[in-house]
Amino acid sequence: MASPPRAGDGLTLHNLPPHAVLHLRQRARGDRFHPPWKPHPVPLAAFLRDQHVPLWERERLPLVLLEGQVIAVYPRFVAAGYEAPGAAEACLRLEIQPA
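Residues numbered from 1 in each chain as written. Predicted model: local features only at pLDDT ≥ 70, side-chain atom pairs only at ≥ 80, totals over all residues. Heavy atoms only, no water.

Colleague: Lay out the packing of aromatic side chains with the relevant residues and their values.
Modeller: Centre distance and the angle of the planes are the two values used to describe a pair of aromatic rings. In this structure the tally under the stated criterion is 3 aromatic pairs. Judged by centre distance (5.9 Å) and plane angle (35 degrees), the rings of Trp37 and Phe47 are tilted. Remark: Phe47 occurs in helix H1 (residues 44–50) and Trp37 occurs in the loop between strand E3 (32–33) and strand E4 (42–43); sequence separation between them is 10 residues. Relative accessible area serves as the criterion here: at 3%, Phe47 is assigned to the buried category. When the centroid spacing of 4.9 Å and the interplanar angle of 85 degrees are considered together, the rings of Phe47 and Phe77 count as edge-to-face. (Phe/Tyr/Trp six-rings, centres within 6.5 Å; stacked < 30°, edge-to-face > 60°. Helix = DSSP H or I, 4+ residues; strand = E, 2+ residues; numbered from the N terminus. Buried < 20%, exposed > 50% of the residue type's maximum accessible area, 1.4 Å probe, protein only.)

Colleague: Give me the pattern of salt bridges: which residues, what numbers.
Modeller: Under the counting rule described, the total for this entry stands at 3 salt bridges. Across the pair Arg25 and Asp31 runs a salt bridge whose closest N-O atoms are separated by 2.7 Å. Classification of Arg25 by relative accessible area gives partly exposed; the value is 30%. Of the charged contacts, one joins Glu95 and Arg93 as a salt bridge, the two residues approaching to 3.5 Å between their closest N and O atoms. (Salt bridge = Lys/Arg side-chain N within 4 Å of Asp/Glu carboxyl O.)

As structure tokens, this is what we get:
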């Protein structure tokens, strides 16, 4: 079961393009997410429900977007293509600290 982000939580994103601009936001209607074990993106709401994330937590988990695409649900899930090192093995470690 997922829990809200806490200090020290984090995730690592791999295979980002050079000069990638990432955005953080909360969940919105129509968001889709591509789990590494699925052949295609699925509705984010259904994915989080299938992962047994309680409804009250789903609303609080920050999303990481690249070019409008959800590539991570912080701090638990990383989308297909961004979860494993590529040939260059460059990565970004993302940690969100409470204010």
